[in-house]
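The primary structure of each chain is shown beneath.
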Amino acid sequence: MSRSAGHLIVDTLESAGIERVYAVPGESYLDVLDGLYDANIETVVCRQEGGAGFMALAESRLTGRPGIAMVTRGPGAANAMISVHTAWQDATALVLFVGLVPLNDRSRDSFQEFSLPEWFSSTAKRVLTIDDEARAGEITADALRIAASGRPGPVVVGLPEDVLVRLTESPTPTLAEVAPPTPAPAVIDGLASRIAAAERPAFVLGGDGWHNGCGAELAGLAASAGVPIFCDWRAYDAIPHSSPAWAGWLGYGRADAVAAGFAEADLVVFVGCTRSDVLSDGYTIGFDAETVLVSLDMEATQHAGRIDEHIIASPESFTRALTRTDAGAARASGQLRGTRTDEWMQSRADVQSRFAAHRPDAEAAPENANRAGVDLGVAFGILDDRLGGDAILTYGAGNATIWGHRFIRHERPAGLVGARNGAMGLAVPAAVAASLAYPERRAVAICGDGDFLMNGQEIATAFAHGGTPLIIVVDNGVYGTIVSHQENHYPGRPSGTRMVNPNFAAWMSAFDLGSSGVASARVSGSVPPGADGTATGAGMVGHGERVEATEDFAAALDRALAHDGPALIHVLIDPATMPPAADETA
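Residues numbered from 1 in each chain as written. Predicted model: local features only at pLDDT ≥ 70, side-chain atom pairs only at ≥ 80, totals over all residues. Heavy atoms only, no water.

**Some remarks on the packing of aromatic side chains**
- The full count for this structure, using the stated rule, is eleven aromatic pairs.
- Ring centres of Tyr 236 and Trp 249 lie 5.2 Å apart, and the angle between their planes is 35 degrees; this geometry places the pair in the tilted category. Separated by 13 residues along the polypeptide, Tyr 236 in the loop between strand S10 (229-231) and strand S11 (246-249) and Trp 249 in strand S11 bring together distant segments of the chain.
- Overall, the relative accessible area of 1% leaves Trp 249 in the buried class.
- The interplanar angle of 75 degrees and the centroid separation of 5.0 Å between the aromatic rings of Phe 452 and Phe 504 together place this pair among those described as edge-to-face. Of this pair, Phe 452 sits in helix H18 (residues 449-455) while Phe 504 sits in helix H21 (residues 504-509), and the two are 52 residues apart along the sequence.
- For Phe 504, a relative accessible area of 1% translates into the label buried.
- Taken together, the ring pairs connect Phe 452, Phe 463, Phe 504, Trp 507 and Phe 511 into an aromatic cluster.
- Taking the ring centre of Trp 88 as reference, the NZ or CZ of Arg 151 above it sits at 5.5 Å.
- Across from the ring centre of Phe 355, 3.7 Å away, lies the NZ or CZ of Arg 406, which sits over that ring. (Phe/Tyr/Trp six-rings, centres within 6.5 Å; stacked < 30°, edge-to-face > 60°. Helix = DSSP H or I, 4+ residues; strand = E, 2+ residues; numbered from the N terminus. Buried < 20%, exposed > 50% of the residue type's maximum accessible area, 1.4 Å probe, protein only. Lys NZ or Arg CZ within 6 Å of the ring centre and 35° of its normal.)

Right under this line is the structure:
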């Protein structure tokens, strides 16, 4: 069958089970867009390339399938770079397709020309270009495989404009299922002996690959063996927080006592993550323990310090091996426990329980007692109660996220997306993607005012595609994280951190798809329904709430949760309010 290279790319994505692509359209890859017209793939039309990349990253983390983003050359690729860096540092499978200038226009400084490999090779697993139309399907399949294999990460694929329209007889490639290796019984038995012999063993879970719920199985086994489980920063949806083994998270915003417990462990088993910069408090804690690394990454990227054993496995294949039918019962009944009691595990769980207990900021941080605005300790306690551990939380960067990390529990997998590289602007697009991938679950973005306006335009994407995220914007009028660093290093000399904000609630309330331009076009007949893949949420209106007093938050939240469509709560706090100290517990 003869078809264009652009259509073969789309057919390959469809054959691989891709359900959505996140795109900002460009004339450089029109033939791919034309192929998507007839495909069983939703084209989510985004408002900025950084938002498109973050949506694709969120879809990957929540579903286990590589996220797909499409952007145009030059400026479009530049905007998308932030998502590639995030996917690289966070080890998340992402494929970014970038339209390029025609072959004859290369190396002439033509319109929007740039060097794809020179821009992206330092932060991508592979940079590929489809220069031969016959290989369009093959290279697309390679990109999907490479992004998801080993240590997951981003792959960038260049699409020369003229190559896309060339016809080819190449068939749609078959993507082979690649099962992650399963540790041999002898390897698992050896690990069991290590755990049994240790006085203070601990698991540390992190990275991607927990979306299928295997963390709950591992938590059950760990609890029966008296082994606490810590989680890496922004990966603590890996296990249910109701597990007796849950010992808290490591990294930014963690409790000092949680970090101290990690440092006391004499055996640490890292599963899906490494002893990295953030997890180890800047390479300062947890280096003395016997170390087992469970990872598909043969090179142990980002790992610092000793490795006594490296088990090549995914979180799921490792968990299945450890809990396999013929040995799981024996391990649960004592093979992993040795002579330990539950005292070690219980002490770590108690610390995290006290740290996460709901309480007012005025109690947790007395210096916040008489400050204006909403008490976030109270507000996030109420939010946690309403969500019940079932929601998908998405986070940007900044101090405003710390209350969510601390007080909102997770009981279901695929419940958290946050940029582990500290990128700002992820919360809103990730919440939009989460609500599209899991429409039956509540997606909630937690962001500060600085973070929100970096990609807040993607609220429009939610309306266009029927997404229903709830967005919590904490407004203190400053870049709070930088202010806290500034006060430590240059006290009393604020510089470059102040902001002026609009009324975000009024902005959200201004969204009314029934009166938008696309709706008017449909009425006039100039846009056939569904032809451009947009406006599937016809009739949606935005719901905005502005909350300036603590006592008003609960009612505003209830109204927002009851709204059938995107909603936003604009929460005002005093610029001087800082998160409770890491050494504070109930």
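**Concerning helix H15 (residues 376-387)**
- For H15, built from twelve residues, the straight-helix expectation of 16 Å at 1.5 Å per residue is met to within 8% by its first-to-last C-alpha distance of 16 Å.
- Within H15, the full set of buried residues consists of Leu 376, Gly 377, Ala 379, Phe 380, Gly 381, Ile 382, Leu 383, Asp 384 and Leu 387.
- Sitting at the amino-terminal end of H15 is Asp 375, which places a side-chain oxygen 3.0 Å from the backbone nitrogen of Gly 377.
- Once H15 ends, the next one or two residues include Gly 388, with phi positive near 65 degrees. (Expected span 1.5 Å × (residues − 1). Polar contact = N/O pair within 3.5 Å; in protein donor to acceptor, adjacent residues only side chain to side chain.)

**Re the environment of Ala 400**
- Summarising the element assignment, Ala 400 is placed in helix H16 (residues 400-407).
- Separated by 76 residues in the primary sequence, Ala 400 and Asn 476 place their C-alpha atoms 9.0 Å from one another.
- Beyond its immediate chain neighbours, meaning those up to four positions away, Ala 400 contacts Phe 380, Ile 446, Cys 447, Gly 448 and Val 474. (Contact = heavy atoms within 4.5 Å.)

**Quick look at the sheet that holds strand S9 (residues 201-205)**
- As summarised here, the arrangement of the six strands in space is S11-S10-S9-S12-S13-S14, forming an open sheet in which the pairing is parallel. Only two strands of the sheet have a single neighbouring strand rather than two, namely S11 and strand S14 (309-311). Here the strands of the sheet are splayed against their neighbours by 20 degrees on average, with no regard to which way each runs.
- Examined bridge by bridge, strand S13 (residues 290-294) and S14 share three bridges and lie parallel to one another. Across the sheet, Val 292 pairs through a bridge with Glu 309, a residue of S14. (Pairing = 2+ DSSP bridges. Axes fitted to C-alpha atoms, helices over the stretch in contact; angles between N-to-C directions.)

**Comments concerning the sheet that holds strand S6 (residues 126-129)**
- A sheet is described by the order of its strands in space; here six strands give the open sequence S3-S2-S4-S5-S7-S6, paired in parallel fashion. Every interior strand has two partners, whereas the edge strands, strand S3 (42-45) and S6, have only one. With direction set aside, neighbouring strand axes in the sheet form an average angle of 25 degrees.
- Of the strand pairs in this sheet, S6 and strand S7 (residues 154-160) are connected by four bridges, and their pairing is parallel. Along S7, the bridge assignment pairs Leu 128 with Val 157.
- With respect to the sheet, helix H4 (residues 75-90) is in contact with strand S4 (67-71), strand S5 (94-100) and S7, its orientation differing from that of S5 by roughly 160 degrees.

**Things to note about the pairing of S3**
- Of the pairings in the sheet, the one linking strand S2 (residues 20-23) to S3 comprises four bridges and is parallel in character. By the bridge assignment, Val 21 is partnered in S3 with Thr 43.
- For the crossover that starts at S2, traverses helix H2 (residues 30-37) and ends in the parallel S3, the hand is right-handed. (Right-handed = clockwise from strand over helix to strand, strands pointing away.)

**A closer look at the confidence of the model for the protein**
- Averaged over all residues, the pLDDT of the protein equals 91, while 94% of them reach at least 70.
- A low-confidence stretch, residues 519-535 stays under pLDDT 50, and its non-local contacts, those more than four residues away or across chains, total 25 contacts. (pLDDT = per-residue confidence, 0-100.)

**What about the pattern of salt bridges?**
- Scanning the model with the defined rule gives 29 salt bridges in all.
- A salt bridge links Arg 412 to Asp 390; the nearest nitrogen and oxygen atoms lie 2.7 Å apart. Placement of the pair is Arg 412 in the loop between H16 and strand S16 (416-418) and Asp 390 in the loop between H15 and strand S15 (392-395), with a sequence separation of 22 residues.
- Judged by relative accessible area, Arg 412 falls into the partly exposed class, the value being 34%.
- You can call Asp 390 partly exposed: its relative accessible area is 28%.
- Several salt bridges converge on common partners, so that one network encompasses Glu 19, Arg 20, Glu 59 and Arg 65. (Salt bridge = Lys/Arg side-chain N within 4 Å of Asp/Glu carboxyl O.)

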